[in-house]
Structure formats: C-alpha cells, structure tokens
Amino acid sequence: MLEAVIVDDEVKALQSLSWELTNLSDEVDIIASFTDAHEALDYLERNTPDCLFLDIEMPAMDGFQFIKNLKNKNFPVVITTAYNQYALKALKNEAIDYLLKPIDTDDLEVTIAKIKKFNAKNLTAEKLEKILLNFNSESQSKKITINTDGKLLFLNSDDILYAESDGNYSTIFLSDGQKILLTKKLKEVNTILPETSFFRIHNSYIINLNKIKEFLKTDGYVVLESNHKIPVSRQKKSDFLDML
C-alpha cells in the first residue's frame, strides 16, 4: 500500500486528486492532505510517506520553495500544476514526475508505476546496507564500518594509525598511507572506533594505542610506528598514562 500526502491550496483540486488516487487503485492510501504549506512541512518533518503530490502555484510559498524547505527528502515528489511551463524546473528540483491539471488517469497510472519502482529500488539498497551492517556487527573479526561517499567501507582496526579533526570533517590515516575523508566530526568518529585500542589524545586527534612507538614526556608528543608525531593535550595526559 502506497501512503501518499497531497499539498494543494485549492480544496477542489485536492479533493479531485484524492478521488483519482483512491479510485485508481486500492494500493494507494491518502494519509494526509493540506491546503496550508507550512502545516504540511511540519507534518513531513515528523512523518515519511511513500510519496508526495505537490502543487506549484500556492500563496506564501510555492512548490519549489516548499521542496527547498523540506528537511526530510526520503520520498519521491510528484509536481501537480495547471501550467506546463514548470516541467523542466520540476525535474531540476528532483521531482520524480510532473502531472498537468486536470490530471489524466493514464498519466496518473504511469506516475504510480514510477513511484513504486523508485521506492522498490531505494528499499533494496536500504535493506542491503542493513544486512551488511548486521553481518559486520555479528562477525567475529569485528571490522569497523564507515559510511562515506555513498558506500560502506569495512576496515580492520589494526590498519588505522590515527584520525584527525578538521572542523565538521575528519580524516582517517591508514598504515598503508591511504587517507579517508569523512563528513563527520571527530566526536562521531570516536564512537565508531573500539575504545579498548583507540584514545582521543587531543581535541584534534584520536590514536591507535597499538601503533605507539614512543612517548616524549617532556615535549608532550607520541610518535607512531609511521613516525607521525601527535600532540598530547594537558587535559588528556593523565588519562592517557592510565590507559598505557
């Protein structure tokens, strides 16, 4: 069953599309409909439908502004309008389809098929990711799973030398010289790494304790097997020595 939401400032147009959808197929369920764009945005922040049918010409906020204000975009959007000049702009705004009012039943059937195909593809990818994550968590090798650039990386903790902060980004440095840039703060990276072998030695650094070659007490640095020198913050020094 496809759960659909409709946003259209014209009550008659909203009722007409609701009737078309519910009478076209018993697989479509209208879970909410709105004539007020702001109320619709508030609802979509808390709920994720299978699809959204969105009018373009609305007062206060048009359909394209509505899409930009959407925080949750994990569902296909279908643009509905009486004006055909918006077709190209609709596609550029990542709408899955474009329906011209009055909506033709045949066109609506094609749109429903597109929505099903889109959702099936996304669901398959989501399921695969969950399977991989669950497999990894149950695996005896306990590899570290990192989500970056639209792919999952599985790393052995022993291959990681250290991680370095760069504001809202972090970089993981591997023993073979590779660098992995993550769109995560170092605080988030710290939750991924096993605390038995990794330690946040500085606000900007997490090190692999198994990779330490030297600790220069006077200078306040550790030297890793790769000869990287990493500073030890004063606040972390006592806890670091306890770990060792």
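Counting restarts for each chain: residues are numbered from 1 in the order of the written sequence. This being a predicted model, a pLDDT of at least 70 is required before a residue's local features are given, and a value of 80 or more before pairs of side-chain atoms are given or counted; all residues contribute to the totals for chains, interfaces and linings. Only hydrogens and water are set aside; all other atoms, that is, all heavy atoms of the structure, feed into the side-chain values.

1. Some details on the pattern of salt bridges
Between side chains of opposite charge, a pair can form as their charged atoms come close.
Part 1: Here a salt bridge means any side-chain nitrogen of Lys or Arg lying within 4 Å of a carboxyl oxygen belonging to Asp or Glu. Counted according to the given criterion, the structure contains six salt bridges.
Part 2: With its nearest N and O atoms 3.8 Å apart, the salt bridge here joins Lys71 to Glu45. Of the two residues, Lys71 is situated in the loop between α3 (63–69) and β4 (77–81) and Glu45 in helix α2 (residues 37–46); the sequence distance between them amounts to 26 residues.
Part 3: When its relative accessible area of 69% is taken as the criterion, Lys71 is described as exposed.
Part 4: Residue burial is assigned from relative accessible area. The probe radius is 1.4 Å, only protein chains are included, and a residue is buried under 20% of its type maximum, exposed over 50%, and partly exposed in between. The class for Glu45 is partly exposed, based on a relative accessible area of 47%.
Part 5: Here Asp97 and Lys114 are joined by a salt bridge, their closest N and O atoms 3.5 Å apart. Residue Asp97 is found in strand β5 (residues 97–100), and its partner Lys114 is found in helix α5 (residues 105–138); the two are separated by 17 residues along the sequence.
Part 6: Looking at Asp97, the relative accessible area reads 11%, which means it is buried. The helix and strand labels rest on DSSP assignments: H or I over at least four residues marks a helix, E over at least two residues marks a strand, and numbering proceeds from the N terminus.

2. Observations regarding the sheet that holds β4
Part 1: Strands sit in the order β2-β1-β3-β4-β5 across an open sheet of five strands; the sheet is parallel. The open sheet terminates on both sides in strands that have one partner only, identified here as β2 (28–34) and β5. Along the sheet, successive strands turn relative to each other by an average axial angle of 25°, direction set aside.
Part 2: Looking at chain direction, strand β1 (residues 2–7) and β2 are connected through six bridges and run parallel. Residue pairing in the sheet places Glu3 in a bridge with Asp29 of β2.
Part 3: The contact criterion used is simple: two residues touch if any of their non-hydrogen atoms lie within 4.5 Å. A fitted line through C-alpha atoms represents every axis, and for helices the fit uses only the stretch in contact; the resulting angles, taken between N-to-C directions, go from 0 to 180 degrees. Against the sheet, helix α1 (residues 11–24) touches β1, β2, β3 (51–55) and β4, its axis set at about 170° to β2.
Part 4: Its contacts with the sheet put α2 on β1, β2 and β3, and the angle it makes with β2 is roughly 130°. Here, a strand pair is defined by DSSP locating no fewer than two bridges between the strands.

3. What about α1?
Part 1: Over its 14 residues, α1 runs 20 Å from end to end, which matches the ideal 20 Å to within 8%, given 1.5 Å per residue.
Part 2: Looking at α1, one finds that the buried residues are Ala13, Leu14, Leu17, Ser18, Glu20 and Leu21. The arc enclosing the buried residues of α1, seen along the axis, measures out at 165°, which places them on a common side. When the buried face of α1 is taken as reference, the exposed residues oriented beyond 90 degrees from it are Lys12 and Trp19. Here a helix's expected span is defined as the number of its residues, less one, multiplied by 1.5 Å. This arc corresponds to the set of directions leading from the helix axis out to the C-beta atoms.

Scope: geometric values only; no functional claims are made or implied.
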